[in-house]
Amino acid sequence: LRHRPFELDFRAGGRLLQRLNGRHFMNFERYRSKGSAQHAGLVDATDVDGQDLWEESFGGHSDSKPRGPAAIGIDVTFEAAVTLTGLAEHATALDLGSPGFTEPYRFYNLDVFEYALDVPMALYGAVPLVTAIHRWPKGDPSTASGFFFPNPSEGFVQVDPTTNEGSKTWW
């Protein structure tokens, strides 16, 4: 555990499996009034993209957010992970990094009658669980680890293509 900047490492058998907030994407938005003063010393997602903070429109309907935006997010790096699986209820490849989607996997509960294949759109439910397979050099046995992000609200998971260093996600 590191305090500044906040990072949390998970190890097993002396090997680093996961690093939370290794890219420092952690974000925690707090409720605030429209037009309130900027927060001092902090950066959140609303500083990056201020569109639709107080109201969203879709399909001719509007959804107001009287308390403003409220989101939480964190990046998770799976060290030496060659494969990430999980994020159930998506009609795409088993290895989450292999499609190389530019859009994140989307999570929200809905009931879809017809759906397209090989897209990161949600189908029915939301199961924000990823399992990683870590492969070690010198023929050492592989290790599996998992990450579960129980967020009851709509969410997104960006999965970057796997590299030699591992797999990176942003929740």
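Rules behind the numbers
Residues take numbers from 1 onward in each chain, read along the sequence in its written order. Local features are withheld for residues below a pLDDT of 70 in this predicted model, meaning they are given only at 70 or higher, and side-chain atom pairs are given and counted only at 80 or more; totals for whole chains, interfaces and linings count all residues. In computing side-chain values, all of the structure's heavy atoms are included and hydrogens and water are not. Only DSSP runs of H or I reaching four residues or more are called helices, and only runs of E reaching two or more are called strands; each is numbered from the N terminus. Here the term buried applies to any residue with accessible area under 20% of the maximum for its type, exposed to any over 50%, and partly exposed to those in between, with areas from a 1.4 Å probe on protein chains only. Definition used in this section: a nonpolar core is a set of buried Ala, Val, Leu, Ile, Met, Phe, Trp, Tyr and Cys residues joined via side-chain atoms within 4.5 Å. The contact criterion used throughout is that any non-hydrogen atoms of two residues lie within 4.5 Å. Salt bridges are identified by distance alone: a Lys or Arg side-chain nitrogen within 4 Å of an Asp or Glu carboxyl oxygen. We treat two strands as partners when DSSP finds at least two bridges between them. Angles shown run from 0 to 180 degrees and are taken between the N-to-C directions of axes, each axis being a line fitted to C-alpha atoms and, for helices, limited to the stretch in contact. Distance and chemistry together define a polar contact, namely a pair of N or O atoms within 3.5 Å, with one atom able to donate a hydrogen and the other to accept it when in protein, and with adjacent residues in sequence counting only for side-chain atoms on both sides.

Enquirer: Give me the lowdown on the overall build of the chain, citing residues and values where you can.
Expert: Counting its regular elements, the chain contains one helix and 13 strands. Secondary structure elements of the chain occur, N-terminal to C-terminal, as β-β-β-α-β-β-β-β-β-β-β-β-β-β. Per-residue burial over the chain gives 33% buried out of 171 residues.

Enquirer: Before we move on, can you summarise the nonpolar core with the specific residues and values?
Expert: One broad trend across soluble globular proteins is that nonpolar side chains are buried collectively. In this structure, Phe78, Leu87, Tyr105, Phe147 and Trp171 are the most contacted members of the largest nonpolar core, which totals 18 residues. At the level of elements, strand 7 (75-79), strand 8 (81-88), strand 9 (105-107), strand 10 (127-134) and strand 12 (155-159) are the ones that each hand at least two residues to this core. Considering every element that reaches this core, the biggest residue donor is strand 8, with three residues. Those residues in contact with Phe78 that lie beyond four places of it in its chain are Leu17, Gln18, Leu84, Val130, Ala132, His134, Ser145, Phe147, Glu165, Gly166, Ser167 and Thr169.

Enquirer: Tell me about the pattern of salt bridges, residues and numbers included.
Expert: Taken as a whole, this structure holds six salt bridges when the rule is applied. The residue Arg2 makes a salt bridge to Glu7 at a minimum N-O spacing of 2.7 Å. For Glu7, a relative accessible area of 10% gives the class buried. In this structure, the salt-bridge partner of Asp140 is Arg15, at a minimum N-O distance of 2.4 Å. Of the two residues, Asp140 is situated in the loop between strand 10 and strand 11 (143-148) and Arg15 in strand 2 (residues 15-20); the sequence distance between them amounts to 125 residues.

Enquirer: Any chance you could break down the sheet that holds strand 7 for me, citing the residues and the numbers?
Expert: Pairing between the strands of a sheet comes from backbone hydrogen bonds, and it takes one of two forms, parallel or antiparallel. Read from one edge of the open sheet, six strands run 1-2-7-13-12-9, paired in antiparallel fashion. Two strands in the sheet have a free side with no partner beyond their single neighbour: strand 1 (8-12) and strand 9. The average angle at which neighbouring strand axes cross in this sheet is 20°, direction not considered. By the bridge criterion, two bridges tie strand 12 to strand 13 (residues 166-170) in an arrangement that is antiparallel. Along strand 13, the bridge assignment pairs Val159 with Thr169.

Enquirer: I'd love a proper account of the sheet that holds strand 10, names of residues and values included.
Expert: Read across the sheet, three strands follow the order 8-10-11 without closing on themselves; strand pairing throughout is antiparallel. One side of each edge strand has no neighbouring strand; the edge strands of this open sheet are strand 8 and strand 11. Going across the sheet, the axis of each strand differs from the next one's by a mean of 20°, ignoring polarity. Pairing of strand 10 with strand 11 involves six bridges; the strand directions are antiparallel. In the sheet register, Ile133 faces strand 11, and the bridge partner there is Ala144.

Enquirer: Run through the environment of His24, naming residues and quoting values.
Expert: Considering the arrangement of structural elements, one finds His24 in the loop between strand 2 and strand 3 (27-28). Along the chain, His24 and Val76 lie 52 residues apart, while their C-alpha atoms are 9.7 Å from each other. Those residues within four positions of His24 in sequence are excluded, and the remaining contacts are Pro5, Phe6, Glu7 and Asp75. A polar contact is formed between the side chain of His24 and the side chain of Glu7, at a distance of 2.6 Å.

Enquirer: Which residues make up the pairing of strand 2, and what are the values?
Expert: Relative to strand 2, strand 1 is paired through five bridges, and the arrangement is antiparallel. What sits directly across from Phe10, in strand 2, is Gln18. Counting the residues between successive antiparallel strands, the hairpin from strand 1 to strand 2 contains two residues, one of them, Gly13, with a positive phi of roughly 60°. Examined bridge by bridge, strand 2 and strand 7 share three bridges and lie antiparallel to one another. Residue pairing in the sheet places Gln18 in a bridge with Phe78 of strand 7.

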